[in-house]
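The lines below spell out each chain.
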Amino acid sequence: MPKAYVFTRYGGPEAEAFVDVDRPSPGPGQVLVAVRAAGVNPVDWKQRTGYRRPGETGEREFPAYFGNEVSGVVEEVGDDVEGFAAGDAVFGRPVVGGYSEYALLSVDLIAHKPAALSFADAATLPVAGVTAYDGIRQLDLPAGATVLVTGAGGGVGVAAVQLARAAGLRVLGLSSAAKKDFVESLGAVHVPSGPGWTERVPGDVDGVYDLVGGDVLEEAATLLADRTKLVTAGAQPEVVEKLGGSRVARVRTSERLEAVAELVVDGALDPHVTQTFPLERADEALRTVEDGHARGKTVIEVAG
């Protein structure tokens, strides 16, 4: 039977397990994908603790799959599916599946994988890549302006720094001292995190893309004269709205996936997959991200 890594209840790592699952069957508007790679994101472990994305409703059924972005090969298509066929290489956001051998994806949240794009890189785009793209576009800063990216060494931060640089922005990257060289290699001015970090920010800041939340978000807000230029992917809407900013408005469409993929193919964006793990070590992959020390993206690879 197909393997999957799941959480069986809300809680800590003790709620995680490898399980045998039935092979899913695609419904109308869905495709069944043999997973080749799955991106690992902070939202994955947060969902295990009970976190719900803004607007997410309904009760979660257990066991629940880990994983919110995958790439792979179409095995079967459901009714009313056009433009996709068995054998197509694709990537997108799973409806069912993630850290698993098979996943169901909706045709609304899937795109063809360009031949020049690896399965590992493609698996970083539906969540991390698109989130970075949407946030930088939402800030809409003019070329030459300065943007501060918090959490600049993580999966979304790495992409956000590169996309901001491509837009002609001066980028300040907040991260731990251990990630200084990595952040600077992306073209950002490194700002060491930790107590008093705002005093280490060189010069004025025109916009903030926050990927951390909490105290860091509140402290970053103090750097802005115009709080409408505060965008976060690290806090709930009501939290950032009190500060005068907004939550990143994610565009979840096939067209957005295609646009971000083209940036990778064209060389404007490197997902920086720095660690890969086989499916049987999915627990280690998740710990790497949950511990907060990962640089760039961590990806789970599934044997074809």
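Quick look at the structure, then. For every chain, the first residue of the written sequence is number 1, and numbering continues from 1 onward in sequence order. Only residues with pLDDT of at least 70 get local features here, since the model is predicted, and only at 80 or more are side-chain atom pairs given and counted; chain-wide, interface and lining totals rely on the full set of residues. Side-chain numbers come from the whole structure's heavy atoms, not from hydrogens or water.

To continue, consider the overall build of the chain. Secondary structure elements are taken from DSSP: a helix is a run of H or I of four residues or more, a strand is a run of E of two residues or more, and numbering for both begins at the N terminus. Helix and strand counts for the chain come out as 9 helices and 15 strands. Against the 2.2 N^0.38 benchmark of 19 Å for 304 residues, the chain shows a C-alpha radius of gyration of 19 Å, consistent with a compact globule. Viewed in the frame of its principal axes, the chain has a C-alpha envelope of about 55 × 40 × 35 Å. Buried, partly exposed and exposed residues are distinguished by accessible area as a fraction of the type maximum, computed with a 1.4 Å probe on protein chains only: under 20%, between the cut-offs, and over 50%, respectively. Counting over 304 residues, the chain shows a buried share of 52%. Atoms counted for the radius of gyration: C-alpha only. Globule rule: 2.2 Å times the number of residues to the power 0.38.

Turning next to the packing of aromatic side chains. We describe a pair of aromatic rings using the distance from one ring centre to the other and the angle between the two ring planes. Here a Phe, Tyr or Trp ring, Trp counted by its six-membered ring, pairs with any other such ring whose centre lies within 6.5 Å, and the pair is stacked when the planes are under 30 degrees apart, edge-to-face when over 60, and tilted otherwise. Within the structure shown, the criterion is met by 6 aromatic pairs. Ring centres 4.9 Å apart and planes at 50° place the aromatic pair phenylalanine 7 and phenylalanine 66 in the tilted group. One end of the pair, phenylalanine 7, is in strand E1 (residues 3–7); the other, phenylalanine 66, is in the loop between strand E4 (64–65) and strand E5 (70–77), with 59 residues separating them in the sequence. For the pair phenylalanine 7 and phenylalanine 66, a shared accessibility class is recorded, and that class is buried. Plain terms: the ring middles of tyrosine 10 and phenylalanine 62 are 5.1 Å apart, the flat faces sit at 85° to each other, and that makes the pair edge-to-face. Of this pair, tyrosine 10 sits in the loop between E1 and strand E2 (16–20) while phenylalanine 62 sits in the loop between helix H1 (42–48) and E4, placing them 52 residues apart in sequence. Each residue in the set Tyr5, Phe7, Tyr10, Phe18, Phe62, Phe66 and Tyr99 is aromatic and connected to the rest through ring pairs, giving one cluster. Lysine and arginine charges are scored as sitting over a ring when NZ or CZ, respectively, is within 6 Å of the ring centre and within 35 degrees of the ring normal. Above the face of the phenylalanine 119 ring, lysine 113 is positioned so that its terminal group lies 4.7 Å from the ring centre.

Here we take up unusual backbone geometry. Between phenylalanine 62 and the following residue, proline 63, the backbone shows a cis peptide bond with an omega angle of -5°. Among the structural elements, proline 63 can be located in the loop between H1 and E4. Phi angles above zero are rare outside glycine, and aspartate 80 is one such case at about 65°. Secondary-structure assignment places aspartate 80 in the loop between E5 and strand E6 (89–96).

A few words on the pattern of salt bridges. The salt bridge definition used is simple: a Lys or Arg side-chain nitrogen within 4 Å of an Asp or Glu carboxyl oxygen. By the definition in use, this model includes 11 salt bridges. Salt-bridge contacts for lysine 297 lead to glutamate 69; the nearest nitrogen and oxygen are separated by 2.7 Å. Here lysine 297 is found in strand E15 (residues 297–301), whereas its partner glutamate 69 is found in the loop between E4 and E5, with 228 residues between them in sequence. Just as lysine 297 is buried, glutamate 69 falls in that class too. Among the charged side chains, a network of salt bridges with common partners joins Glu16, Arg48, Arg287 and Glu290.

So, on to the environment of proline 24. Turning to its location among the elements, proline 24 is positioned in the loop between E2 and strand E3 (30–40). Looking at proline 24, the relative accessible area reads 13%, which means it is buried. Counting along the chain gives 72 residues from proline 24 to valine 96, while the straight-line C-alpha distance between them is 8.0 Å. Those residues in contact with proline 24 that lie beyond four places of it in its chain are Leu32, Tyr102 and Leu104. Between two residues, a contact is recorded if the distance between any of their heavy atoms is within 4.5 Å.

This brings us to the side chain of threonine 131. Mapped onto the elements, threonine 131 comes out in helix H3 (residues 125–139). Polar contacts here mean pairs of N or O atoms no more than 3.5 Å apart (in protein, one a potential hydrogen donor and the other a potential acceptor; neighbouring residues in sequence count only if both atoms are side-chain atoms). Separated by 2.5 Å, the side chain of threonine 131 and the backbone oxygen of valine 127 make a polar contact.

In terms of nonpolar packing, the biggest core is built from 39 residues, with Leu125 and Tyr209 touching the most fellow members. For the purposes of this section, nonpolar cores are sets of buried Ala, Val, Leu, Ile, Met, Phe, Trp, Tyr and Cys residues that join through side-chain atoms within 4.5 Å. In terms of nonpolar packing, the next biggest core, distinct from the first, is built from 28 residues, Phe7, Ala38, Val74 and Val90 among them.

Angles shown run from 0 to 180 degrees and are taken between the N-to-C directions of axes, each axis being a line fitted to C-alpha atoms and, for helices, limited to the stretch in contact. In contact at an axis separation of 10 Å, H3 and helix H8 (residues 254–265) are set at 90° when each is read in the N-to-C sense. Between H3 and H8, the crossing angle belongs to the class labelled roughly perpendicular. From H3, Leu125, Pro126, Gly129, Val130, Tyr133, Asp134 and Arg137 reach across to H8, where they touch Arg256, Leu257, Ala259, Val260, Ala261, Leu263 and Val264. Taken together, the residues of the contact of H3 with H8 sort by class into 10 nonpolar, 1 polar and 3 charged. The cut-offs work like this: below 35 degrees is roughly parallel, past 145 is roughly antiparallel, 65 to 115 is roughly perpendicular, and the gaps in between are oblique. Three categories are distinguished: nonpolar for Ala, Val, Leu, Ile, Met, Phe, Trp, Tyr, Cys and Pro, charged for Asp, Glu, Lys and Arg, and polar for the others, with Gly belonging to the last.

Moving on: the sheet that holds strand E8 (residues 146–150). Taken in spatial order, the 6 strands make up an open sheet running E10-E9-E8-E11-E12-E13, and their pairing is parallel. Looking at strand neighbours, the two that pair on one side only are strand E10 (189–192) and strand E13 (246–247), the edges of this open sheet. The sheet contact formed by strand E11 (residues 207–210) and strand E12 (residues 230–232) spans 3 bridges and is parallel. Residue pairing for E12: aspartate 210 is matched across the bridge by threonine 232. Along the sheet, H3 contacts E8, E11, E12 and E13; its crossing angle with E11, the most-contacted strand, is approximately 160°. By definition, two strands form a pair when at least two bridges between them are found by DSSP.

With that settled, consider the sheet that holds E2. Overall, antiparallel pairing links the 3 strands, which are arranged E2-E1-E4 in an open sheet. Taken across any chain shown, the strands that pair with only one partner, and hence form the sheet edges, are E2 and E4. Across 2 bridges, the pairing between E1 and E4 is antiparallel. Along E4, the bridge assignment pairs phenylalanine 7 with alanine 64.

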